[in-house]
Amino acid sequence: MPNYQLVYYNRRGRAELCRLIFHAAGVPFEDIRLDYTKGEWPGEWKAKAPFGQVPFLIVDGKMLAQTKAVARYLAREFNLAGKTSWDQARADMFIDEFDDISTEVYKFASEKDEAKKAEMSEKFYNETLPRHIGYLENLLKENNGGNGYLVGDSLTWAGLGIANAYDLLGGTDAPFENFPLLAGLIKRVRAHPKVAEWINARPQTPF
Amino acid sequence: MPTYKITYFNFRGRAELARLIFAAAGVPYEDLRIEMSRWPVEYKDQCPFGQLPLLEVDGKVLAQSKTIARYLAREFNLAGKDSREQALADMILDHYADIMNEMKVIWLESDAEKKATLVEKFKTETLSKHLGYLETILRQNGGGFIVGDSLTWADLMVVDSNDWLGVMFPNPYDNFPLLAGLVKRVREMPQVAEWIAKRPDTPR
């Protein structure tokens, strides 16, 4: 088994999907959390990072950057990417959609003008997000009625991706109130033994 | 061979990487370009997330431009020879997506003067840094192809980016000799050159 190090800050943020994949697969890794207030980042680490950013992965001394590229690499190594090339593409498709949703969240999360931030947040939660979730609910339903998985008949990183998005969207059931299949899926994934164990054990951070 | 169809607007836009992959691989496909007026009425409902581009493979659909391009690259052996090369290509794709997202914010700025300032700042500070990383990756890989030792979709990403970066920043690789060389070499490859010569000429 290769030696894995995941380098990020002490938060869920853009590394949590990778952490969920490691834990769901039961693969050990060094979960490096740098404290940038103490100069640990950039420190000696920035020079190692392919694009000068975190998160990045070190596998037996070789670097890989970009959250989704890293997560996909790990998912494929640990057989969590999907059983066929088509299933893998369908999983990728869901991950891209979650990424679109995250991008929207980061837009208002980083907005400094409080009034504008509140306006953007309200529009997101009332209009944008329900539209995205509606599409996801339909796609889930198309997969054997929607009481199983997003892709195929087993857990993939797409399922971990939506379970992770749950936390990004406030960690409550509220956004999924009118979308029972998706709410059920998220609950099932978060209750998966290794996932639940990690969710309970991980450092509690605001984001 | 399956039947392939790409549905998009009459732009290069978010479909062009997939079209370049089909061209480089020499695989035929239906290149459907629809009028804005026919969207959403005729097409939106077929789309998993209500957006284009859409790929149909023997009638099964796939959405999200990056996913579509990756699926095709993998099917046509243009994704990279092993899991690490494939991950490196994915990494470069994500890097270009970050650049594009940052440019979108500038593109949407309505104040013309503010926009001009943002464009200039982006060009001299941000873009040179982003492209500098890619020049380094190409240099460290020996300067021939950006991933591995043969053509992958990562090289086609560089070619495509020359066009979409060019919409806001003409000749984006002027200060990056290895990337500029890669763009030129790949554009001259027969199947790619043939596509570039015959594709509809659109502003973006």
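In what follows, the structure referred to is the one given above.
Residues numbered from 1 in each chain as written. Chains lettered and ligands numbered in written order. Predicted model: local features only at pLDDT ≥ 70, side-chain atom pairs only at ≥ 80, totals over all residues. Heavy atoms only, no water.

Thoughts on the pairing of strand S1 (residues 4–9) of chain A
Residues and elements named next belong to chain A. When you tally the buried positions in S1, you get six out of six residues, the bulk of the element. As paired strands, S1 and strand S3 (residues 56–59) are joined by four bridges and run antiparallel to one another. Of the residues in S3, the one forming a bridge with Gln 5 is Ile 58. Sheet topology places S1 next to strand S2 (residues 30–34); five bridges connect them, and they run parallel. Across the sheet, the residue bridging to Gln 5 is Glu 30, located in S2. (Buried < 20%, exposed > 50% of the residue type's maximum accessible area, 1.4 Å probe, protein only. Helix = DSSP H or I, 4+ residues; strand = E, 2+ residues; numbered from the N terminus. Pairing = 2+ DSSP bridges.)

A short note on the sheet that holds S2(A)
Residue and element names in this part refer to chain A. Strand order in the open sheet made by the four strands is S2-S1-S3-S4, with mixed pairing throughout. The strands lining the two open edges of the sheet, one partner per strand, are S2 and strand S4 (62–65). Taken pair by pair, the neighbouring strands of this sheet meet at an average axis angle of 25°, ignoring direction. Contacts from helix H1 (residues 16–25) reach S1, S2 and S3 within the one sheet, and its direction differs from that of S1 by about 145°. (Axes fitted to C-alpha atoms, helices over the stretch in contact; angles between N-to-C directions. Contact = heavy atoms within 4.5 Å.)

Notes on helix H7 (residues 193–201) of chain A
At 3.6 residues per turn, the α-helix brings residues three or four places apart onto the same side. Residue and element names in this part refer to chain A. Val 195, Trp 198 and Ile 199 are the residues of H7 that are buried. When H7 is viewed along its axis, its buried side chains cluster within an angular range of 100° and face the same direction. Exposed residues pointing more than 90 degrees away from the buried face of H7 are listed as Pro 193, Glu 197, Asn 200 and Ala 201. The inward-facing, buried residues of H7 abut H1, S2, helix H5 (157–168) and helix H6 (180–191). (Arc of directions from axis to C-beta.)

Concerning the interface of chain B and chain A
Across the contact, 31 residues belong to chain B and 29 residues belong to chain A. Across the chain B/chain A interface, buried area totals approximately 2800 Å², and carbon plus sulfur atoms make up 57% of it. Counting across the chain B and chain A interface gives two salt bridges. One salt bridge in this structure joins Arg72(A) and Asp90(B), with 3.0 Å as the shortest N-O distance. (Buried area = accessible area lost by both parts, 1.4 Å probe. Salt bridge = Lys/Arg side-chain N within 4 Å of Asp/Glu carboxyl O.)

Thoughts on the sheet that holds strand S1 (residues 4–9) of chain B
Reading across from one edge, S2-S1-S3-S4 (chain B) is the order of the four strands in this open sheet, with mixed pairing throughout. Each having just a single partner strand, strand S2 (30–34) and strand S4 (60–63) of chain B make up the two edges of the open sheet. Each neighbouring strand pair of the sheet contributes to a mean axis angle of 20°, computed without reference to strand direction. Each of strand S3 (54–57) and S4 of chain B touches helix H3 (residues 85–109) of chain A; the most contacted strand, S4(B), lies at about 40° to it. Seen against the sheet, helix H2 (residues 65–75) of chain B touches S1, S3 and S4 of chain B and runs at an angle of roughly 120° to S4(B).

As for the environment of Ile95(A)
Structurally, Ile95(A) can be placed in helix H3. When near neighbours in sequence (up to four residues on either side) are disregarded, Ile95(A) contacts Leu17(A), Lys68(A), Trp157(A), Ala158(A) and Gly161(A).

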